[in-house]
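# Understanding the architecture of this molecule
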Amino acid sequence: MVSSDGLSASPPPPQAVSAKQFGVTKPISTAGPTEADTLRTLELEKLLVEAGLYESKGEAAKREEVLHRIGQIVKDWVKQLTQLRGYTDQMVQDANALIFTFGSYRLGVHGPGADIDTLCVGPSYVNREEDFFFVLHNILAEMEEVTELQPVPDAHVPVMRFKFDGISIDLLYASVSLLVVPEDLDISDVSLLYNIDEPTVRSLNGCRVADQILKLVPNVEHFCTTLRCLKFWAKRRGVYSNVTGFLGGVNWALLVARVCQLYPNAVPSMLVSRFFRVYTQWRWPNPVMLCAIEEDELGFNVWDPRKNPRDRTHHMPIITPAYPCMNSSYNVSKSTLRVMMEQFQQGNKISEEIELNKARWCALFEPYLFFESYKNYLQVDIVAVDADDLRAWKGWVESRLRQLTLMIERDTLEMLQCHPYPHEYVDTTKQCAHSAFFMGLQRKQGEKVQGQQFDIRGTVDEFKQSIEMYNFWKPGMEIYVSHVRRRQLPSYVFPDGCKRPRPSRAVALQHNNEVSPTGSGERLLKRKNDLGGGSPPKRLSNSPQPQDSISPEIMTHRAGSASPETFDKCFSLEVVDSNKKTLSGELEPGDATNSSVVTSVASMSSSEDAGFGSMTGSCEGNTKSVEGSSIGSNTASLCEADSESLSVNGGENGNLVQSGSQEGLEVLDLSSFTLTAFDSCSLFTCLLLQYLCYSDFFTLNSEII
């Protein structure tokens, strides 16, 4: 394998733990494993192997060969540039460039099909802007082995992505202040940072950080096994994505390395359990550091909230150990931190059960049921003419999805919470190339908002305008943002192409009770048991469910509707629950290019709306609007609304109006029903309403019980 120390045939060997202190504090415990801990570690390692997290020897050998080929390509590239610029024959002969690896491959925790993070280090006269992104790009583009070549020069860390003989490569470039790059270059040497710009520093830091991590952990083998386990867990639970606002590979590596320092003699089964225990109790924004932050040596900014006001805004600082020390998790927002803390708590609970032999390791890796966790979602559809255009367009949009979360937090004063989901979904029925991402929406738990409206139409407009600044936009590249209810989710987001059957409300409440024992679900189950409801059923999954959502499931009707209605670009809907919460969305008229469906969320206090709500919609295409339909040739149908919950009506000049010919949509007012008086009649009425409202009655009335 190729490392920052050059070519090596095997991963770093395990290190013996000495009396040396690792980290900035003394360890929490130096206790070693018991026999039970050793057995649990063997079971964990067996599970990781069975999950296919280790690559075969054949694939490992192919990676070595690909890296060797890329190394030779960049050497020839530098020699060619040296000759073209008129240097002497001796300079041409000595001209050199080196390939280093970092990330999961350098740390030895990569799996089958994973990409290889690589860094090309070249001499001072070979620059990034023209030589790397133009000359080398053209050389690679002409090679048969290279496919899916995608330069990203404007990224925070400029990168060129491609596949070489089927192996995914992320290639960075750093031009150092040397005329000749020696074969034995020490990437950790601070002198390499002289006279280089910040993008180059960030490019070099990937390798420097990986080397430092391996030097600062007590046992490399235990660290790698634990990290491989936690990365697998994070992907299963939907919290592995730096670009979306969660944590990426280096972030998880630093968190695991710190736990290894705190428990230097622990084996992987112990380290996994301690990981959740430590970070469930961690008081963010206190930083996680593997070593003391080095002072300014060369004038580069280091993470220091005392001096840098921007550093004070970081919610989950995880500091890199190599100079200049930076916060590797600056992408984390309050919303994504909240989601991760919920997952840490859930992981801690299951880890404790595993240590008590009440659960198996497989329980820890159950997938997160994202599409069963919220009632409202934002759907971001990205389309392009072909796969190549979509790859570039999607990369641009995905890198800015985090901004949409931050904008919603900002514009709603953090009262509307977003849960961006990092998984990508594809609708294979569309003729154009398509990709979709989703965000869960809910109002802030524990907050009772009265009379304040959350309108994010302007927020999504601003987001769309930032997306339209893409310098390489081509015709056919479009983005659509739409609000969908849980029951309107497209079938392609489900693994088998069809929606899961909804669990009974009693099961869901029992599950909520396990996640939050003090919640309203516990009070309701106790009340039901007092009425002879029997013991609660077993939990279906370990996915934590939001205790309070923006809007409820409601019962509505619309006269004359016989089939679901499909609409194209825009809609407006409003629902009312027993707490007078409403959800509405509409499209600003006049946008026909990168059109988007935007959502607004409101909280109403008027008692007149307690029993009735209206839903109105307008559909706009390139030709005209027709009542109850969507006309337009250049856009695909993005959302489906069933006729029970939506009334779609045309409006003049794009204004949304309610059709007078349609009967009003009735919303059952459940606020007058409580569980305080239970004669046979009222009990039957409550049970009937529970059934009619898709088993959401007890959730709607949890605050009035």
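Fair warning: this is a prediction, and the values are worked out from it, not measured in the lab.

Counting its regular elements, the protein contains 17 helices and 16 strands. Taking as baseline every contact in the protein between residues at least 6 positions apart, the subset at least 24 positions apart corresponds to 74%. Element-wise, carbon and sulfur atoms account for 52% of the exposed surface of the protein, whose accessible area totals about 30,900 Å².

Structurally, the position occupied by His314 is in the loop between α9 (268-281) and α10 (334-355). Polar contacts involving the side chain of His314 include one to the side chain of Trp303, which spans 3.2 Å. In contact with His314, not counting residues within four places along its chain, are Pro285, Trp303, Asn327 and Tyr330.

Looking now at the pattern of salt bridges. A full pass over the atoms with the stated rule returns 25 salt bridges. Among the ionic pairs, Arg161 bridges to Asp170, the shortest N-O distance being 3.6 Å. Salt bridges linked by common partners bring Glu148, Lys163, Asp388 and Arg391 together as one network.

Now for the side chain of Ser241. Within the secondary structure, Ser241 is located in the loop between α7 (220-236) and α8 (249-262). Separated by 2.6 Å, the side chains of Ser241 and Thr244 make a polar contact. For Ser241, the contacting residues outside a window of four places in its chain are Phe246, Leu247, Gly248 and Pro422.

Below, the discussion takes up the environment of Gly111. With respect to the helices and strands, the residue Gly111 is situated in the loop between α4 (103-107) and β4 (116-122). As for Gly111 and Ser56, which are separated by 55 residues in sequence, their C-alpha atoms are 9.2 Å apart. When near neighbours in sequence (up to four residues on either side) are disregarded, Gly111 contacts Leu53, Glu55, Arg63 and Arg228.

Moving on to the sheet that holds strand β5 (residues 146-152). With respect to topology, 5 strands assemble into an open sheet ordered β3-β4-β7-β6-β5, the strand pairing being mixed. Every interior strand has two partners, whereas the edge strands, β3 (98-102) and β5, have only one. Ignoring which end each strand starts from, the neighbouring axes of this sheet average 25° apart. Two strands pair when backbone bridges link them, and β3 and β4 are joined in this way by 5 bridges, in the antiparallel orientation. If you follow Leu98 over to β4, its bridge partner there is Val121. Seen against the sheet, helix α2 (residues 57-84) touches β3, β4, β6 (159-164) and β7 (167-175) and runs at an angle of roughly 35° to β7. Contacting β3, β4 and β7, helix α6 (residues 198-216) runs over the sheet at an angle of about 120° to β7.

The rules we used
Residues numbered from 1 in each chain as written. Predicted model: local features only at pLDDT ≥ 70, side-chain atom pairs only at ≥ 80, totals over all residues. Heavy atoms only, no water. Helix = DSSP H or I, 4+ residues; strand = E, 2+ residues; numbered from the N terminus. Contact = heavy atoms within 4.5 Å. Areas by Shrake-Rupley, 256 points an atom, 1.4 Å probe, with all protein chains shown as cover. Polar contact = N/O pair within 3.5 Å; in protein donor to acceptor, adjacent residues only side chain to side chain. Salt bridge = Lys/Arg side-chain N within 4 Å of Asp/Glu carboxyl O. Pairing = 2+ DSSP bridges. Axes fitted to C-alpha atoms, helices over the stretch in contact; angles between N-to-C directions.

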